[in-house]
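# Structural description and commentary
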Amino acid sequence: MSRDRLHRARGRELELEASPESCAAACQAALRDGEGERARDYLRGALEEFPRAPELLELAATLSPGDPWPAFGGVGGRRAGAFPGPVRGVQSWRWELPNSPGLEPVADARGGAWTFARESLVRLDRSGLSDSLETPRGAGFLSLESGRPHWYDPALGTLSQRPAWRYVRSESGPLVAWEGDQLEGTGSGDLGWRRRVSNLWRVAAGRAAFALLSSSSISGLDVELADVHSGQALGPSRALEADFQASWYRVAAVPSQDQERFLISTGKHVGLYDEGLETLWERALPEVNFACDGRQVVLAGEGGLQVLDLETGQKRWALPGLDVYGSPAIDGRGWVYVISGGTLLCFDRRGQRRLRVELGSLGPLGSPVLGGPGQLYLSAGKSLVCVV
């Protein structure tokens, strides 16, 4: 079998079968053998090879958790999807929202899109069919940050404060929530924790640690790593030089097999830092939105679009003249999606444009959100749109 039939995942190569049917059978065999992670990795590779195969799309839905509620809106703030994104670059469906403007949706593991319609929480399935759902008793809510819905999780019911707080889920399970200088976590089992952090800006959760950005330092931002189970600091904090005129700061956990790493944007620099807050690389850049899939870092801002290698921080490709709005997104192939004016653009791993979808006639466009295999959601004026 040729090299282009191999899919690399988690440091190993998985040899793909010759047809969608045989790929689906191989996934099911791995599931029967109790190898769930291998089945999911294999399925991602098969969907890259056969992105519209109904057998694989159906299997992707069955591999998702049984609970339909979304657990998070982009793990650790990375804005990276597990599956390949749109193939044809056409609008599949559009759902009118009573909100003005439309709110950024949250995608769940089954490929559904979640948003608010007036006071109701609404889920739209892959076909655009909607359900208005009541929140289960004792559970949390889809929270709002700057008018945008974030994530719902039943574990929020163990926290003392809901739903105005903002939430992140660690890769090992526990949740961390914050509002103002109040910080709270679900911890392990029934044990939770609380603490106060002055001038708290951002939180991102990795596997066993979470990063806090606060502006208590005179010269810049303070960065602290803390344990997701106890909330206790894992070491001394570090001050990073920052631009206090910047509109926002960013932090995201980076997927890694053996260590915690965090991407941080301070308005002056973008850098990658290890679990001891030592600098792995740093680049002088103004405020940017970013996305990361564990291989590359996509930066979008007033200076255009550029993609860096995650390990070295070296530039892979750039489009300096491109006017990008909002946050970028990365699909399972490593392809990049951005909004420029009234257009959704997609670029492959070499920076070649693959899709151009004109949606500006529907109104201002929100940041792209990747859903299930072959799907992308975004707000467009008073509508929620699905692109396939």
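That block above? That's the structure.
Residues numbered from 1 in each chain as written. Predicted model: local features only at pLDDT ≥ 70, side-chain atom pairs only at ≥ 80, totals over all residues. Heavy atoms only, no water.

### Quick notes on the sheet that holds strand β20 (residues 269-273)
Inclusion rule: What makes two strands pair is DSSP finding at least two bridges between them. Secondary structure elements follow DSSP: runs of H or I of four or more residues count as helices, runs of E of two or more count as strands, with numbering from the N terminus. To get an axis, a line is fitted to the C-alpha atoms, and for a helix only the part in contact is used. The angle between two axes follows their N-to-C directions and goes from 0 to 180 degrees.
Read across the sheet, four strands follow the order β18-β19-β20-β21 without closing on themselves; strand pairing throughout is antiparallel. Both outer strands of the open sheet, β18 (250-254) and β21 (279-284), are each paired with one neighbouring strand and no more. Going across the sheet, the axis of each strand differs from the next one's by a mean of 10°, ignoring polarity. Relative to strand β19 (residues 261-265), β18 is paired through five bridges, and the arrangement is antiparallel. What sits directly across from V254, in β19, is R261.

### Quick notes on empty space enclosed by the protein
Stated formally: Each cavity reported here is a set of points on a 1 Å grid over the protein atoms alone in which a 1.4 Å probe fits but cannot get out, each pocket an open set with protein on both sides within 12 Å along at least five of seven lines, and each lining residue one with an atom within 4 Å of a point. Grid points are joined across faces, edges and corners, and a volume is the space filled by probe spheres set on the points. By the convention adopted, Pro, Cys, Tyr, Trp, Phe, Met, Ile, Leu, Val and Ala count as nonpolar, Lys, Arg, Asp and Glu as charged, and the other residues, Gly among them, as polar.
Applying the stated criterion across every chain, the model contains two cavities of 30 Å³ or more. Here the second largest cavity defines a volume of roughly 40 Å³. Split by residue class, the lining of the second largest cavity holds three nonpolar, three polar and three charged.

### Thoughts on the sheet that holds strand β29 (residues 353-358)
Sheet architecture is open: four strands sit in the order β26-β27-β28-β29, paired in antiparallel fashion. The open sheet terminates on both sides in strands that have one partner only, identified here as β26 (325-330) and β29. Here the average twist between neighbouring strands, direction ignored, is 20°.

### Notes on the side chain of S367
Quick note on the threshold: Each residue's exposure class comes from its accessible area (1.4 Å probe, protein chains only) as a fraction of the maximum for that residue type: buried when under 20%, exposed when over 50%, partly exposed otherwise. What qualifies as a polar contact is a pair of N or O atoms within 3.5 Å, subject to a donor-acceptor requirement within protein and to the restriction that residues adjacent in sequence count only when both atoms come from side chains.
By the element assignment, S367 lies in the loop between β29 and β30 (369-370). Overall, S367 belongs to the buried group, its relative accessible area being 2%. A polar side-chain atom of S367 sits 2.9 Å from the main-chain amide nitrogen of S327.

### Side note on the pattern of salt bridges
In plain terms, the rule: Salt bridge, as applied in this entry: a Lys or Arg side-chain nitrogen positioned within 4 Å of an Asp or Glu carboxyl oxygen.
Under the defined criterion, the tally for this structure stands at twelve salt bridges. The partner of E224 in a salt bridge is R195, and the shortest N-O contact between them spans 2.8 Å. In this pair, E224 is assigned in strand β16 (residues 220-227) and R195 in strand β13 (residues 193-196), connecting sequence segments 29 residues apart. Residue classification places E224 among the buried positions, given a relative accessible area of 15%. Looking at R195, the relative accessible area reads 22%, which means it is partly exposed.

### Regarding helix α1 (residues 20-32)
Cut-off, in case you're wondering: Helix span is expected to be 1.5 Å times the residue number reduced by one. Taking the helix axis as origin, the arc is that swept by the directions to the C-beta atoms.
Taking 1.5 Å per residue, 13 residues should reach 18 Å; α1 reaches 18 Å between its end C-alpha atoms and fits that length. Listed in full, the buried residues belonging to α1 are P20, C23, A24, C27 and A30. Along the long axis of α1, the arc covered by the buried residues comes to 120°, so they all point the same way. Following α1 by one or two positions, G34 has its phi on the positive side, about 75°.

### Section: the pairing of strand β27 (residues 336-340)
Counted residue by residue, β27 has five buried out of five residues, so it is predominantly covered. Because side chains alternate across β27, one face comprises the buried residues V336, V338 and S340, and the other comprises Y337 and I339, equally buried. The sheet contact formed by β26 and β27 spans three bridges and is antiparallel. What sits directly across from Y325, in β27, is I339. The turn joining β26 and β27, which pair antiparallel and follow one another in sequence, is formed by five residues; a positive phi near 90° is taken by G334. Two elements, β27 and strand β28 (residues 343-347), share five bridges in a ladder whose sense is antiparallel. Opposite V338, over in β28, you have L345 as the bridge partner.

### Observations concerning the packing of aromatic side chains
This is how it is decided: Aromatic contacts are taken between Phe, Tyr and Trp rings whose centres are within 6.5 Å, Trp giving its six-membered ring; a plane angle under 30 degrees counts as stacked, one over 60 as edge-to-face, and the others as tilted. Charges are assigned to positions over rings by a cutoff of 6 Å between ring centre and Lys NZ or Arg CZ, combined with an angular limit of 35 degrees from the ring normal.
Enumeration over the complete set of coordinates arrives at four aromatic pairs. Here W93 and Y377 contribute two aromatic rings whose centre-to-centre distance is 5.8 Å and whose plane-to-plane angle is 40°, an arrangement assigned as tilted. A residue pair is termed long-range when its members are at least 10 positions apart, and W93 in strand β3 (residues 91-96) and Y377 in strand β31 (residues 376-380) qualify at 284 residues. Comparing W93 with Y377, the two get one shared label, buried. Seen from their ring centres, W193 and F210 are 5.6 Å apart, and the 5° between their planes marks the pair as stacked. In this pair, W193 sits in strand β13 while F210 sits in strand β15 (residues 209-214), placing the two residues 17 residues apart along the sequence. Across the ring face of W335, the terminal group of R333 is positioned such that the distance to the ring centre comes to 3.7 Å.

### With respect to the environment of V338
Within the secondary structure, V338 sits in strand β27. Given the relative accessible area of 0%, V338 is considered buried. The spacing of V338 and D323 is 15 residues in sequence and 9.7 Å in space, taken between C-alpha atoms.

### Things to note about the side chain of S214
Put simply, the test is: Contact between two residues is taken to exist if any of their heavy atoms lie within 4.5 Å; hydrogens are not considered.
Note that S214 resides in strand β15. If near-sequence neighbours (up to four positions away) are discounted, S214 is found in contact with V197, S198, N199, L200, W201, G220, L221 and D222.

### Describing the packing of α1 against helix α2 (residues 36-49)
Our working rule: These descriptions rest on fixed angle ranges, namely under 35 degrees for roughly parallel, over 145 for roughly antiparallel, 65 to 115 for roughly perpendicular, and the rest for oblique. Crossings are classed by handedness, with left-handed meaning an anticlockwise turn of the near helix from the far one by less than a right angle and right-handed meaning a clockwise turn.
Where α1 meets α2, the closest approach of the two axes is 8 Å, and the angle between their N-to-C directions is 165°. Looking at the two axes, α1 sits roughly antiparallel to α2. Seen along the crossing, α1 lies across α2 with a hand that is left-handed. Each of C23, A26, C27, A30 and L31 in α1 lies in contact with α2, whose residues at this interface are G36, A39, Y42, L43 and A46. Of the residues assigned to the contact of α1 with α2, the class counts are nine nonpolar, one polar and no charged.

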